[in-house]
Amino acid sequence: MLYGRAPLPEIHEITPEEPRADGQPGDRELVEKAQKGDGAAFAMLVERHQRQLYRLALRMTGSEADAQEVLQEAFLNAYQKLPLFRGEAQFSSWLYRIAANSALMRLRRKRRAPDALADQPLELAGPKFSAEGYLEPTSSSDWSQRADERMMSGQLGAAINKAVDELPEDYRTVFLLKDVDGLSNEDIATALDLTIPAVKSRLHRARLALREKLGEFFDEPAK
Amino acid sequence: MTAEIHHCKECVDLLGEYIEGTLPPDRAKALEDHLSLCPPCITFVRTYKATRKLCHHALVRDMPRELMHSLSSFLAERVPGFKRSEDETVAAPAADSEPKKV
Ligand SMILES: [Zn+2]
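Each value, and the rule that gives it
Residues numbered from 1 in each chain as written. Chains lettered and ligands numbered in written order. Predicted model: local features only at pLDDT ≥ 70, side-chain atom pairs only at ≥ 80, totals over all residues. Heavy atoms only, no water. Contact = heavy atoms within 4.5 Å. Buried area = accessible area lost by both parts, 1.4 Å probe. Salt bridge = Lys/Arg side-chain N within 4 Å of Asp/Glu carboxyl O. Polar contact = N/O pair within 3.5 Å; in protein donor to acceptor, adjacent residues only side chain to side chain. Helix = DSSP H or I, 4+ residues; strand = E, 2+ residues; numbered from the N terminus. Nonpolar A, V, L, I, M, F, W, Y, C, P; charged D, E, K, R; others polar. Donors = N, O, S within 2.8 Å, 3.2 Å for Na, K, Ca; no water. Tetrahedral: all angles 85-135°; square planar, octahedral: opposite > 155°, others 65-115°. Buried < 20%, exposed > 50% of the residue type's maximum accessible area, 1.4 Å probe, protein only. Core = buried A, V, L, I, M, F, W, Y, C linked by side-chain atoms within 4.5 Å. Domains from an automatic or database assignment. Phe/Tyr/Trp six-rings, centres within 6.5 Å; stacked < 30°, edge-to-face > 60°. Lys NZ or Arg CZ within 6 Å of the ring centre and 35° of its normal. Disulfide = S-S within 2.5 Å.

Trainee: Explanation requested: the interface of chain A and chain B in the structure shown.
Mentor: Contact residues are listed per partner, giving 54 residues for chain A and 47 residues for chain B. Summing the contributions of chain A and of chain B, the shared interface buries around 4,500 Å²; its carbon and sulfur component is 67%. The closest approach of N and O atoms between Glu17(B) and Lys200(A), which form a salt bridge, is 3.2 Å. Where chain A touches chain B, the interface holds 20 residue pairs in polar contact (both at pLDDT 80 or more). When contributions to the side of chain A that touches chain B are tallied by element, the ones reaching two or more residues are helix H2 (39–61), helix H3 (64–81), helix H6 (144–147), helix H7 (154–166), helix H8 (169–180) and helix H10 (196–219) of chain A. No other element matches the twelve residues that H2(A) contributes to the side of chain A that touches chain B. Taken together, the residues of the side of chain A that touches chain B sort by class into 28 nonpolar, 13 polar and 13 charged.

Shown next as structure tokens:
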């Protein structure tokens, strides 16, 4: 599979905007108003998208202080570029892209050699299969029933944090954005400049690795 | 042409698409057929789903209110007509909240 740069996101046909369930004006209508200088319309767009953008910025930079600056920069940048926005793309995807670029620039300034990360050797845990392709018993203990009882345990929370921190960064970000924050594969691909198959593949491998770690946690005798 | 799934490895490989509901119907059917005959894979599906649920639960974060306020103030100073929507609705600050720079 190619890990090259993603092509432009799929162009969606321009169709009439779906009415929103909450009766509020849709993004496209607000963007048109904001493009004509309506600051209140822009404020509504900010209010609508700030939480997801915050999660993206937080996951990419790993720091709340950086996320705050990324958010400020991204929304201001979006405002300044608003005249260039054309309705073919989703406004949210366009915003994600702006915020992701801002986060990447910030990361590059902090780390001298960002590309070294892409080459780091990958050692992700995963299930064990027999030579014939069947699951080994060690990979199939059923701890899912115990998951609820121990859900709130501080030890479990710590184990999850550690396991997620240990994922390679590219995998961690995709996993957090999708399974924790609920972004769509398309938005993640756009923001991180990945193909959709690359997003799906990283996501799946991250889940497999985390499943192994959680299995180890649940198989340990309770402390 | 529907190919049967004989090995758990194929089943595991398709799981991401399966739980997202994006697997083509014939592959989803083949996967379910395998699951009906393979208890280890049933367990695998359960723990795979539980992994997502537990991680979501442990790691989900909402944007802090203070950050919403500071973003709003930042933009209000730079975007003409930007309305700080929360200003009117916000109650008196709680005793422990830090005073914000104006
Ligand atoms: Zn199986």
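Trainee: I keep staring at the coordination of the zinc ion and nothing clicks. Help me out?
Mentor: Residue and element names in this part refer to chain B. The coordination sphere of the zinc ion contains the protein donors Cys8 (SG), His34 (NE2), Cys38 (SG) and Cys41 (SG), at a distance range of 2.1 to 2.4 Å. Metal-centred angles of 102 to 122° between the four donor atoms at the zinc ion mark the site as tetrahedral. Read in sequence order, the donor residues coordinating the zinc ion give the pattern C-x25-H-x3-C-x2-C. By the burial criterion, cysteine 38 is buried, and cysteine 41 matches it.

Trainee: Please clarify how the pattern of salt bridges should be interpreted in this entry.
Mentor: All names here are of chain A. This model, assessed by the stated rule, comprises 23 salt bridges over all chains. Ionic pairing is found between aspartate 193 and arginine 97, a salt bridge with its closest N-O pair at 3.6 Å. One end of the pair, aspartate 193, is in the loop between helix H9 (185–192) and H10; the other, arginine 97, is in helix H4 (residues 91–110), with 96 residues separating them in the sequence. Linked through salt bridges whose partners overlap, the residues forming this network are Glu69, Glu73 and Arg106.

Trainee: How should the nonpolar core be read in this particular structure?
Mentor: For soluble globular proteins, the rule of thumb is that nonpolar side chains tend to be buried together. The biggest cluster of nonpolar side chains holds 72 residues, and the ones touching the most others in it are Phe42(A), Leu71(A), Phe75(A), Phe175(A) and Leu75(B). Per-element accounting of this core gives the leading share, eleven residues, to H2(A). Looking at which domains feed residues into this core, each of domain 1 (27–110) and domain 2 (145–219) of chain A supplies at least three. Look past the residues within four positions of Leu71(A) in its chain and what remains in contact with it is Gln50(A), Leu53(A), Tyr54(A), Ala57(A), Met63(B), Leu67(B) and Leu71(B).

Trainee: Hey, could you run me through the packing of aromatic side chains in this one?
Mentor: A ring pair, where both rings are aromatic, is described by two values, the distance of the centres and the angle of the planes. Summed over the entire model, instances satisfying the criterion amount to eight aromatic pairs over all chains. Here Phe85(A) and Phe91(A) contribute two aromatic rings whose centre-to-centre distance is 5.5 Å and whose plane-to-plane angle is 90°, an arrangement assigned as edge-to-face. As far as burial versus exposure is concerned, Phe85(A) and Phe91(A) are alike and both buried. Pairing Phe91(A) with Trp94(A) gives two aromatic rings, centres 5.8 Å apart and planes at 35°, and the pair type is tilted. Remark: Trp94(A) and Phe91(A) occur in helix H4; sequence separation between them is three residues, near one turn of the helix. Grouping residues by exposure puts Phe91(A) and Trp94(A) together as buried. Site record: aromatic cluster; members linked through ring pairs are Phe42(A), Tyr79(A) and Phe82(B). Lying over the aromatic face of Phe74(B), Arg78(B) brings its terminal NZ or CZ to 3.8 Å of the ring centre.

Trainee: Would you take a moment to explain the state of the cysteines for this structure?
Mentor: The bond known as a disulfide is covalent and runs between the sulfur atoms of two cysteines. Scanning all chains against the criterion turns up zero disulfides over all chains. Free cysteine Cys11(B): the closest other cysteine sulfur is in Cys41(B), separated by 3.7 Å.

Trainee: Even after reading the chapter, I still don't get the environment of Asp22(A), so can you show me in this structure?
Mentor: All names here are of chain A. Here aspartate 22 shows up in the segment before helix H1 (27–35). Among the residues examined, aspartate 22 registers a relative accessible area of 46% and is labelled partly exposed. Of note is the side chain of aspartate 22, whose polar atom sits 2.8 Å from the side chain of arginine 20. At a separation of 2.9 Å, a polar atom in the side chain of aspartate 22 contacts the main-chain amide nitrogen of glutamine 24.

Trainee: Would you mind showing me how to read the domain arrangement of chain A here?
Mentor: A common measure of how large an interface is: the accessible area buried when the components associate. Residue and element names in this part refer to chain A. For chain A, the domain assignment lists domain 1 (27–110) and domain 2 (145–219). Averaged C-alpha coordinates put domain 1 and domain 2 at centres separated by 25 Å. Opposite the eleven residues of domain 1 that make contact, domain 2 presents 13 residues. With both chains or domains summed, domain 1 and domain 2 bury close to 1,100 Å², and 58% of this area falls on carbon and sulfur atoms. Looking only at domain 1, the three residues that lose the most surface to domain 2 are Arg59, Tyr96 and Arg97, adding up to 51% of its buried area. At the surface where domain 1 touches domain 2, the tally comes to two salt bridges. For the pair domain 1 and domain 2, the interface holds four residue pairs in polar contact (both at pLDDT 80 or more). If you list the elements that add at least two residues to the side of domain 1 that touches domain 2, you get H2 and H4.

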